[in-house]
Amino acid sequence: MDIEKYKQLTDEVKPYSARIVAVSKTKPVEDVLRLYEAGHRIFGENKVQELTPKYEACPKDIEWHIIGHLQTNKVKYIAPFIGMIESVDSLKLLSEINKQAEKSNRVINCLLQVSISEEETKFGLSVGELYPLLESDEYAAMKSIRICGLMGMATNTVDEARIEKEFNFLKSIFDHVKQKYFANEPAFKELSMGMTSDYKIALKCGATLIRVGSLIFGERKY
Ligand SMILES: *Cc1c(COP(=O)(O)O)cnc(C)c1O
């Protein structure tokens, strides 16, 4: 891992009102601790089975974010401690998070993941599913979740114009959702978009959270 690259990145992010989610998936606890010692507190993981042992081993003031597709049967393992679930892609999942949060006497911060890329493989709600979810009676009755904003992933492409178009599209949905459903809720303020390859574009398009892994921790070996 590269603390210098991390410091450069924090300098680069400073002019924007954005924070870095350091994506530590596949990387050892030692790497998390080194970045922690450099002052970093927000870490992202995409798998529950990898996150829980890291949570156990690391200082408890780390804010852990789940950024990958989350199965409903796994929610119970992270509900007691998770800082934010960025990858909420169905009402069913949101409902399970609400149930488990209630059991833990917590309110869990969530982002709704919106599908903005043209790749079928990427999870997320379509825009057509987003509004019915927010207007559903089931959502209205949930007391133990807090929707803090939206998350999205751009198409994996070298075509920067296309990436920018997708991020701008997500920003416009964010603004619309904010105005229509969360105008009086300051907690709805996060727009999580951008990773190592496209975070510069995301920052320009209004990201408040960028999820950066390989730039900080080095390439992942699977
Ligand atoms: C792995 C991952 C990232 C970070 O990817 P890098 O290219 O290593 O920065 C960001 N977001 C999600 C959803 C991921 O799964």
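Just so you know, these numbers come straight off a predicted model, no measurement behind them.

S.K.: Any chance you could explain the packing of aromatic side chains here in plain terms?
M.R.: Any two aromatic rings considered together are summarised by their centre-to-centre distance and by the angle between their planes. Applying the stated criterion to the full structure yields five aromatic pairs. Between the aromatic rings of F43 and W64, the centroid separation amounts to 5.7 Å while the plane-to-plane angle is 45 degrees, which identifies the pairing as tilted. Of this pair, F43 sits in strand 2 (residues 42–45) while W64 sits in strand 3 (residues 63–66), placing them 21 residues apart in sequence. Take W64: its relative accessible area is 1%, and that puts it in the buried class. Cluster of aromatic residues (ring-pair linked, three or more members): F174, F182 and F188.

S.K.: Can you walk me through the packing of helix 6 (residues 127–135) against helix 8 (residues 160–181) in this structure?
M.R.: Packing of helix 6 against helix 8 leaves a shortest axis separation of 12 Å and a crossing angle of 20 degrees. Taken together, the axes of helix 6 and helix 8 are roughly parallel relative to one another. Read as a crossing pair, helix 6 and helix 8 show a hand that is right-handed. Here V127, L130, Y131, L134 and E135 of helix 6 lie close against helix 8, whose contacting residues are F169, I173, H176, V177, K180 and Y181. Grouping the amino acids of the contact of helix 6 with helix 8 by side-chain chemistry returns eight nonpolar, one polar and two charged.

S.K.: I would appreciate a short explanation of the site of the ligand in the present structure.
M.R.: Taken together, the neighbourhood of the ligand is formed by V23, K25, I67, M153, M195, T196, R211, V212, G213, S214 and R220. Residue K25 places a side-chain N or O atom 2.7 Å away from an oxygen atom belonging to the ligand. A distance of 2.7 Å separates an oxygen atom of the ligand from a polar atom in the side chain of R220. Tallied by class, the residues present in the shell around the ligand amount to five nonpolar, three polar and three charged.

S.K.: Honestly, the nonpolar core in this entry has me stumped. Any pointers?
M.R.: Grouped burial of nonpolar side chains is what soluble globular proteins tend to show. One finds W64, L134 and L150 to be the most contacted residues of the largest nonpolar core, which totals 68 residues. Counting residues per element, this core draws most heavily on helix 8, which supplies seven residues. When residues no more than four places from it in sequence are discounted, the contact partners of W64 are S24, V32, F43, E45, L51, K54, Y55, C58, F81, I82, G83 and M84. Of all hydrophobic cores here, the second largest spans seven residues; its members include M84, L111, C148 and L209.

S.K.: I keep staring at the pairing of strand 3 and nothing clicks. Help me out?
M.R.: Side-chain direction in a regular strand flips from residue to residue, so the side chains alternate between the two faces of the sheet. Direction of pairing for strand 2 relative to strand 3: parallel, over a ladder of four bridges. Considered in strand 3, the bridge of G44 is made with H65. Crossover strand 2 to strand 3 through helix 3 (residues 48–57) is right-handed. Taken together, the two bridges between strand 3 and strand 4 (residues 84–88) define a ladder with parallel strand orientation. Note that in strand 4 the partner of I66 across the bridge is I85.

S.K.: What's the story with the environment of P59 in this structure? I'm lost.
M.R.: Examined against the element boundaries, P59 turns out to sit in the loop between helix 3 and strand 3. Classification of P59 as partly exposed rests on a relative accessible area of 24%. When the C-alpha positions of P59 and R41 are compared, they lie 9.5 Å apart, and in sequence the two are 18 residues distant. When near neighbours in sequence (up to four residues on either side) are disregarded, P59 contacts L33 and Y36.

Conventions we followed
Residues numbered from 1 in each chain as written. Predicted model: local features only at pLDDT ≥ 70, side-chain atom pairs only at ≥ 80, totals over all residues. Heavy atoms only, no water. Phe/Tyr/Trp six-rings, centres within 6.5 Å; stacked < 30°, edge-to-face > 60°. Helix = DSSP H or I, 4+ residues; strand = E, 2+ residues; numbered from the N terminus. Buried < 20%, exposed > 50% of the residue type's maximum accessible area, 1.4 Å probe, protein only. Axes fitted to C-alpha atoms, helices over the stretch in contact; angles between N-to-C directions. Parallel < 35°, antiparallel > 145°, perpendicular 65-115°, else oblique. Left-handed = near helix turned anticlockwise from the far one by under 90°. Contact = heavy atoms within 4.5 Å. Nonpolar A, V, L, I, M, F, W, Y, C, P; charged D, E, K, R; others polar. Near = heavy atom within 4 Å. Polar contact = N/O pair within 3.5 Å; in protein donor to acceptor, adjacent residues only side chain to side chain. Core = buried A, V, L, I, M, F, W, Y, C linked by side-chain atoms within 4.5 Å. Pairing = 2+ DSSP bridges. Right-handed = clockwise from strand over helix to strand, strands pointing away.

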